[in-house]
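Here is how the chains run, residue by residue.
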Amino acid sequence: AGVSLDTSLVREAFAGFTEDIQRYHQDSQSALRDLLSSHISGEDSRLARMLAGESAAEHKRLNLLLEDTRRRMVDPESKASLPGAVLELLRGVLGDEERRVSNLVNAADPKSPVGFFLEQQRQAVSEMQNNYYEKVIVLEERLERQMAEIRNALQVDEKLQALQEQ
């Protein structure tokens with residue numbers, strides 16, 4: 001479920017609303033002309049023409065207001081626009097997600113999964129080194145004992161040979 005900055009839906013809604021307003025204005029102008037031509041004359045006609053002029057001015061003002069509102073709503077540079085608001089929302093969400101992911105992979109923090117994993121690996125390597133050193137020490141001690149036994153055996157042979165020679 002991705003988020004799109006496409007403003008076509010908003011543009012289409014404004015265009016439809018503007019078309020409805022224009023259709024209403026044309027219908028009311030047509031009805032007013034029909035009324036003027038068939039039922040009103042003299043002073044009433046003058047008032048009706050003034051009303052038609054005011055209606056046209058209101059229509060123009062409404063169109064300008066709608067166009068200005070539409071421009072503000074679809075301007076991606078404005079934080080108050082729909083794309084701007086969505087962009088700010090995405091920045092906030094992505095910023096939160098970036099902080100969350102950064103905390104997850106923070107190797108310096110032993111509480112983060114990566115930090116915890118690295119600490120476990122350090123401990124495992126340390127234990128392996130300690131085991132290796134212990135085994136090497138035991139092996140060296142055995143070798144020293146065996147060498148001492150060999151030396152003793154050689155000395156015994158030498159002493160036996162010396163006794164036999166005497």
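Per chain, residue numbering runs from 1 following the sequence as it is written. Side-chain atom pairs in this predicted model are given and counted only at pLDDT of 80 or more, local residue features only at pLDDT of at least 70, and totals for whole chains, interfaces and linings cover all residues. For side-chain calculations, the full set of non-hydrogen atoms in the structure is used, while hydrogens and water are omitted.

J.: Could you clarify how one ought to interpret helix α3 (residues 82-104) in this entry?
T.: Since the α-helix advances by 3.6 residues per turn, residues separated by three or four positions end up pointing in the same direction. In DSSP terms, a helix is any run of H or I states spanning at least four residues, a strand is any run of E spanning at least two, and both are numbered starting from the N terminus. For a helix, the expected span equals 1.5 Å multiplied by the number of residues minus one. Taking 1.5 Å of rise per residue, the 23 residues of α3 would be expected to cover 33 Å, and the 33 Å separating its terminal C-alpha atoms lies within 8% of that figure. For α3, the complete set of buried residues consists of P83, G84, V86 and G95. Relative accessibility thresholds used throughout: buried, under 20% of the residue-type maximum; exposed, over 50%; partly exposed, between the two (1.4 Å probe, protein chains only).

J.: Looking at this model, I keep getting lost on the side chain of H25. Mind explaining?
T.: Examined against the element boundaries, H25 turns out to sit in helix α1 (residues 8-38). Since its relative accessible area comes to 14%, H25 is described here as buried. When neighbours within four sequence positions are excluded, H25 is seen to be in contact with S55, A56 and H59. Two residues form a contact once any of their heavy atoms are found within 4.5 Å.

J.: For this particular structure, what's the right way to read the pattern of salt bridges?
T.: Side chains that carry opposite charge are capable of pairing whenever their charged atoms lie near each other. In what follows, salt bridge is the name for a side-chain nitrogen of Lys or Arg lying within 4 Å of a carboxyl oxygen of Asp or Glu. Applying the stated rule across the entire model yields five salt bridges. A salt bridge links D20 to R23; its shortest N-O distance comes to 3.0 Å. With D20 and R23 both in helix α1 and three residues apart, the pair spans about one turn of that helix. The exposure class assigned to R23 is partly exposed, which follows from its relative accessible area of 44%.

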